[in-house]
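Geometric and topological summary
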Amino acid sequence: MVNKLNDVTLDNAGIIDVNTIVADDDVGSSDVYDLKQADPCRFNVRLNWFWPNPNVGLYQVVTVVGGSDPTFSSGYFILHQQLFGAADGISTICGVTPAGYRGSGTYVLPCSNVANYNDGVTTLPSVRICRYVQVWVYTVGVNSAVSFAALVEQQ
Amino acid sequence: MGYSSNLDTTPDAGLGSWVFSAMTANATAAGGFPANTANVLNIGNVPTDFSVFASVYTVSAASTDYTVVSVMGSTTSDFSSGNYVLGHIVFGDGTLIGTTFGAAPSADRGPGHYTVRCHNVATTGLESTEAVVCPYIRLAAKTVGATSSLNGVFTISIGR
């Protein structure tokens, strides 16, 4: 039998937040979730996403952040990022124009708890194993408000 | 005593490679990303997790610069059926990333090795439209800022 690399069983999957409302031009977040993993592992964030007023030019950004302590006092790092909203809103900051809206629906965000970062061109890249994760939501524009539920699950 | 290993030695189902070579400031989808089928990977018509491994040699983390690499999917190899966004990775100054994307990491995201996990199922956000499984994958990039740049190699591995 051959096991997959870093296929760590995540036995404490669960909902980390429900019905979080993020107002227009605002930043909201879910609860902090403890992966209870000190080693590299993979997990999914299943996102139930509702955008009641889709309009052109608007967008939202979902970022799964991670840190090594529950208050992120030692820093937080980007583990995964997805853009939602209208095609032209996404195009403005990313240069790509998706077909149609990225609006209400259920999305799977595959993640790893390994954060890579580098503070400059002359320093060596750094790696951080993140035991604690949180979902951040950033809404841009009037009528960009959303509600969401985030579920951490085994990948 | 021998080694015990948890490595999965199964060969990857697919592998694609993209090179963003000396992409200059304020450019979109340049450097090794022509809009043709040569740089499109077929990962199959079933829902699949895959990873994009990024070896980034040059990317500006100056206070005015950020760079986004987007993972795109489609149902047709020439993307004539439409582009779907499957994932992003953002590089650059941490504060500017926070201003633009709403979450400022504790460190800049400069040269290094990164992994972007993706899923090849897209939605249009419309209630009457089914989710779209994207067998065809390609990458795009956008540099923003006076000194922004990108030079790196991106590869895809299925199910990793």
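Remember, predicted model here, so these are calculated numbers, not experimental data.

1. Some thoughts on the overall build of chain A
The helix and strand inventory of chain A stands at one helix and 11 strands. In chain A, the order of α-helices and β-strands from amino to carboxyl end is β-β-β-β-β-β-α-β-β-β-β-β. Out of the 155 residues in chain A, the part that is buried amounts to 46%. Counting only contacts in chain A whose residues sit at least 6 apart along the sequence, the fraction spanning at least 24 positions is 75%.

2. Details of helix H1 (residues 87–94) of chain A
Where H1 of chain A is concerned, the buried positions are Ala 87, Gly 89, Ile 90 and Cys 94 of chain A. Along the long axis of H1 of chain A, the arc covered by the buried residues comes to 165°, so they all point the same way. Taken together, the buried residues of H1 of chain A touch strand S5 (59–67) and strand S6 (77–85) of chain A together with strand S4 (66–74), strand S5 (84–92) and strand S9 (136–144) of chain B. Just downstream of H1 of chain A lies Gly 95 of chain A, where phi reads positive at about 80°.

3. Looking at the interface of chain B and chain A
With 43 residues of chain B at the interface, the matching set in chain A holds 44 residues. Elements supplying a minimum of two residues to the side of chain B that touches chain A: S4, S5, helix H1 (94–101), strand S6 (112–119) and S9 of chain B. The dominant element in the side of chain B that touches chain A, judged by the number of residues it contributes, is S6 of chain B, at seven residues. In the side of chain B that touches chain A, the residues fall into 18 nonpolar, 19 polar and six charged.

4. Notes on the nonpolar core
Counting 89 residues, the largest nonpolar core has Val 65 and Leu 79 of chain A as the members making the most contacts within it. Dropping the residues within four chain positions of it, Leu 79 of chain A is found in contact with Val 64, Val 65, Gly 66, Cys 111, Ser 112, Asn 113, Ala 115, Cys 130 and Val 133 of chain A.

5. Let's talk about the confidence of the model for chain A
Residue and element names in this part refer to chain A. Scored by pLDDT, chain A has a mean of 86; 90% of the residues are at 70 or more. Taking the mean pLDDT of every element in chain A, the minimum, 78, falls on strand S1 (residues 14–22) and the maximum, 95, on S5. Counted against residues more than four places away or in other chains, residues 1–8, with its pLDDT under 50, gives 14 contacts.

6. With respect to the environment of Ala 122 of chain B
All names here are of chain B. Structurally, Ala 122 is set in strand S7 (residues 121–122). In this structure the C-alpha to C-alpha distance between Ala 122 and Val 56, which are 66 residues apart in sequence, comes to 27 Å. With near-sequence residues (within four places) excluded, Ala 122 lies in contact with Gly 73, Tyr 84, Leu 86, Ala 131, Val 132 and Cys 134.

7. Focus on H1 of chain B
Of the positions making up H1 of chain B, those classed as buried are Gly 94, Leu 96, Ile 97, Thr 100 and Phe 101 of chain B. Buried residues along H1 of chain B cover an arc of 160° about the axis, so they all sit on one side. Summarising the geometry of H1 of chain B, the exposed residues directed more than 90 degrees from the buried face are Thr 95 and Thr 99 of chain B. Where H1 of chain B is buried, its residues meet S5, S6, H1 and strand S10 (132–140) of chain A together with S4 and S5 of chain B.

8. What to know about the confidence of the model for chain B
Residues and elements named next belong to chain B. Chain-level pLDDT for chain B is 81 on average; 82% of the residues reach the 70-or-more range. The spread of mean pLDDT over the elements of chain B runs between strand S1 (residues 15–23), the lowest at 76, and H1, the highest at 94. Confidence drops under a pLDDT of 50 for residues 9–13, and excluding neighbours within four residues, the segment shows five contacts in the predicted structure. Low pLDDT, under 50, characterises residues 30–37; the stretch is placed with 19 contacts to residues that sit more than four places away or in other chains.

Conventions adopted
- Residues numbered from 1 in each chain as written.
- Chains lettered and ligands numbered in written order.
- Predicted model: local features only at pLDDT ≥ 70, side-chain atom pairs only at ≥ 80, totals over all residues.
- Helix = DSSP H or I, 4+ residues; strand = E, 2+ residues; numbered from the N terminus.
- Buried ≥ 20, exposed ≤ 12 C-beta atoms within 10 Å, placed from the backbone.
- Contact = placed C-beta atoms within 7 Å.
- Arc of directions from axis to C-beta.
- Nonpolar A, V, L, I, M, F, W, Y, C, P; charged D, E, K, R; others polar.
- Core = buried A, V, L, I, M, F, W, Y, C linked by C-beta atoms within 7 Å.
- pLDDT = per-residue confidence, 0-100.

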